[in-house]
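Below, each chain spelled out in residue letters.
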Amino acid sequence: MKSHLIKRKQIAQSLPHSSALILSSLPQFFRQTDVSYPYRQESNFYYLTGFEQAKSLFLLFPSSRSVLFISDKDCVKEVWDGPLATTKQVKTKYLINEVYYLSQIDNILKKKLKGVSKIFYDYSNKTCEFNKQIIQFKFKKTESAYHFLKPFRRLKESKEITSIKKACSHSIHAHKEVAKALKSNISERALHGVFIKSIMEQGSTREAYQGIFACGKNATILHYVKNNSICKKGELLLVDAGAEYGYYASDISRVYPVSGKFSKNQKNLYKALLKLQKQLIKAVKPEVTLKSINQKMFEGIIHILLEFGVLKGSLKENLKMEIYKKYCPHSVGHLLGLDVHDVTFKPGESTVLKPGMVLTIEPGIYINRTDKKFPEDLRATGLRIEDDILVTQKSQKNLTLNLPKEAEEIEELCSS
Ligand code: GLY
Ligand code: MN
Ligand code: MN
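Within each chain, residue numbers correspond to sequence positions counted from 1 in written order. Numbering of ligands from 1 and lettering of chains from A proceed in the order in which they are written. Where totals are concerned, whole chains, interfaces and linings use all residues; where local detail is concerned, this predicted model gives features only for residues with pLDDT of at least 70, and gives and counts side-chain atom pairs only at 80 or more. Calculated side-chain values reflect all of the structure's heavy atoms, with hydrogen atoms and water omitted.

*Asks:* Explanation requested: the environment of cysteine 328 in the structure shown.
*Replies:* Counting through the fold element by element, cysteine 328 comes out in the loop between helix H13 (324–327) and strand S15 (358–361). Given a relative accessible area of 0%, cysteine 328 falls into the buried group. Put simply, cysteine 328 and isoleucine 367 are 39 residues apart on the chain and 9.1 Å apart in space, counted from C-alpha to C-alpha. For cysteine 328, the residues in contact, after removing those within four places along its chain, are Met297, Phe298, Ile301, Gly364 and Tyr366. By definition, any uninterrupted DSSP run of H or I lasting at least four residues is a helix, any uninterrupted run of E lasting at least two residues is a strand, and each is numbered from the N terminus. Buried residues are those whose accessible area, probed at 1.4 Å on protein chains only, stays under 20% of the maximum for their type, while exposed residues exceed 50% and partly exposed ones sit between those limits. Contacts between residues were defined by any pair of non-hydrogen atoms, one from each residue, lying within 4.5 Å.

*Asks:* Would you mind going over the site of ligand 1 with me for this structure?
*Replies:* Near residues are defined by distance, with any heavy atom within 4 Å of the molecule or strand qualifying the residue. If you check the shell around ligand 1, you find Tyr209, Asp240, Asp251, His334, His341, Glu362 and Glu386 and nothing else. In protein, a polar contact means a hydrogen-donor-capable atom and an acceptor-capable atom, both N or O and within 3.5 Å, with residues adjacent in sequence counting only if both atoms are side-chain atoms; elsewhere, any N or O pair within 3.5 Å suffices. Aspartate 251 places a side-chain nitrogen or oxygen 3.1 Å from an oxygen atom of ligand 1. In the model, an oxygen atom of ligand 1 is placed 3.0 Å from a nitrogen or oxygen of the histidine 334 side chain. Surface accessibility in these figures is a Shrake-Rupley result with a 1.4 Å probe; residues are shielded only by whichever protein chains are displayed. Burial of ligand 1 by the surrounding chains reaches 91%, relative to a free accessible area of 200 Å².

*Asks:* Please clarify how the side chain of serine 43 should be interpreted in this entry.
*Replies:* With respect to the secondary-structure elements, serine 43 resides in helix H2 (residues 43–49). Side-chain polar atoms of serine 43 contact the side chain of aspartate 339, separated by 2.8 Å. Among residues more than four places away in sequence, those in contact with serine 43 are Arg153, Leu338 and Asp339.

*Asks:* It is not clear to me how the coordination of the manganese ion (ligand 3) should be interpreted in this structure. Could you clarify?
*Replies:* For Na, K and Ca the donor cut-off is 3.2 Å, while for other metals it is 2.8 Å, and in both cases only N, O and S atoms qualify; water is not among them, so sites may look incomplete. Bound to the manganese ion (ligand 3) on the protein side are Asp240 (OD), Asp240 (OD), Asp251 (OD) and Glu386 (OE), at distances that span 2.1 to 2.3 Å. Classification of the site at the manganese ion (ligand 3) rests on its six donor atoms, whose angles at the metal span 58 to 170 degrees, yielding the label irregular. Here the donor residues for the manganese ion (ligand 3) map to a single chain with the spacing D-x10-D-x134-E. Between the manganese ion (ligand 3) and the manganese ion (ligand 2), the interatomic distance is 3.2 Å, and aspartate 251 donates to each metal, bridging them. In this pair, aspartate 240 is assigned in strand S11 (residues 236–241) and aspartate 251 in the loop between strand S13 (248–249) and strand S14 (252–257), connecting sequence segments 11 residues apart. Per residue, the accessibility class of aspartate 240 equals that of aspartate 251, and both read buried. Site shape is set this way: if four donors have all angles between 85 and 135 degrees, tetrahedral; if opposite donors are over 155 degrees apart and all others between 65 and 115, square planar for four donors and octahedral for six; otherwise irregular.

*Asks:* How should helix H5 (residues 105–112) be read in this particular structure?
*Replies:* Count 3.6 residues to each turn of an α-helix, and residues three or four apart come out pointing the same way. Of the positions making up H5, those classed as buried are Ile105, Ile108 and Leu109. Summarising the axial view, the buried residues of H5 lie within an arc of 100 degrees, below the 170-degree limit, and thus occupy one face. Opposite the buried face of H5, at more than 90 degrees from it, the exposed residues are Asn107, Lys110 and Lys111. The arc in question is the one spanned by the directions pointing from the helix axis to the C-beta atoms.

*Asks:* Hey, could you run me through the nonpolar core in this one?
*Replies:* Grouped burial of nonpolar side chains is what soluble globular proteins tend to show. The biggest cluster of nonpolar side chains holds 72 residues, and the ones touching the most others in it are Leu237, Tyr256, Ile293, Ile301, Leu359 and Ile361. Not counting the four nearest positions on each side in its chain, leucine 359 is found in contact with Val284, Leu290, His334, Leu335, Leu336, Leu353, Asp387, Asp388, Ile389 and Val391. Judged by nonpolar contacts, the second largest core, of 39 residues, contains Leu21, Val90, Val358 and Leu399. Only buried Ala, Val, Leu, Ile, Met, Phe, Trp, Tyr and Cys residues count toward a nonpolar core, and they belong to the same one when joined by side-chain atoms within 4.5 Å.

*Asks:* Would you mind showing me how to read the coordination of the manganese ion (ligand 2) here?
*Replies:* Distances from the manganese ion (ligand 2) to its protein donors, Asp251 (OD), His334 (NE2), Glu362 (OE) and Glu386 (OE), fall at 2.0 to 2.2 Å. Considering all six donor atoms around the manganese ion (ligand 2), the spread of angles at the metal, 50 to 155 degrees, places the coordination shape in the irregular class. Of note, the donors binding the manganese ion (ligand 2) are all from one chain and are spaced D-x82-H-x27-E-x23-E.

*Asks:* I would appreciate a short explanation of the layout of surface pockets in the present structure.
*Replies:* Using a probe with the size of a water molecule, rolled over the atoms, empty space left in the structure can be pinpointed. A volume near 610 Å³ is recorded for the second largest pocket. Think of a 1 Å grid over the protein atoms and nothing else: a 1.4 Å probe that fits but is trapped marks a cavity, an open set flanked by protein within 12 Å on at least five of seven lines marks a pocket, and residues with an atom within 4 Å of a point count as lining. Lining the second largest pocket we find 20 residues, and of these Gln28, Phe30, Lys77, Asp81 and Leu84 sit closest to its centre. The biggest single contributor to the lining of the second largest pocket is helix H3 (residues 75–81), with three residues. Residue composition of the lining of the second largest pocket, by class: eight nonpolar, six polar and six charged. Grid points are joined across faces, edges and corners, and a volume is the space filled by probe spheres set on the points. Under the convention adopted here, Pro, Cys and the residues Ala, Val, Leu, Ile, Met, Phe, Trp and Tyr are nonpolar, Asp, Glu, Lys and Arg are charged, and Gly plus all remaining residues are polar.

This is the structure:
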């Protein structure tokens, strides 16, 4: 928990005089009276504490003093849910200066927030369990804690990169297991099961997001998560799935032919997209904006569509008409970290890439079932190739390079 302490010290230095950063844990959600959904701590809360219990409130002051409120011991609840931490245990394990039970919150909070005129707190997001307690103080100024923490979370330290690498390595192995299990008439759900089994066997905590196992036309739905179709011979299966290890995400997409071999048209389109993806990865380096790489992707998609006779005219005309957006409606990628779409840039924000950032590069082409501009075996098809890229001092490192993506390698993997 030392790394969280170091982070708190570093972040506290940026807090203005007479301010406090206040974070709430994510509430535990229930599917039914006493049947809970799986719990995962809120990412910012985890980032600064490492503490995974719900119903917790954390405060950080410019002096780097830290205060944490946790659930009171409850012997009835503990019979069902297991032991709750004591204040003493939390203080020692998480290196927090002051830890109190929630039954003391009203008194203690008054003392701790005396003289504080500005807070960094997110009233409006899903983590608002403590709004009632916070709002009564009528602070002169409130800013978003999420936005305040963004610049810190964007730059990963070596321990965070190690966790991302581990998540990537688990995902790579699991993707290979899926490719090997793929055959005609297998269900998308069974393949999803293969992926989850593999990442969990390797020691990942869970998926970083709901995996997409989409064959045929399902792959044209960008966030398809039903995973309830049967894979048919001749179709392509899009797998977009990533493990979470130590709270850090990985996010990989590959395309696998259900029958083990791409058709000629499928291979040509796949190769064109792969060529573009490699160019986009090469473009990742310090001081480059994600926006400029995004622009390169759209230009590349237009080139492919021109090459396949789907679009006509010049690059400039096509950029203006934006028909290409029908074939690629999403952007080139996003930052990766505690969240799969990590502290993402706002639309239009042209923040430059810096060493220590991790991002995905994931161009895609999606062809509707009724699109007569493409040959029949390419209709009802979605292709996306996604790797996780670390920005280094001079250029970039592909953290998911070990998962094959050459068309022939994919065919070999699917038939092994
Ligand atoms: N897995 C979601 C995405 O690629 O953004
Ligand atoms: Mn992604
Ligand atoms: Mn993805």
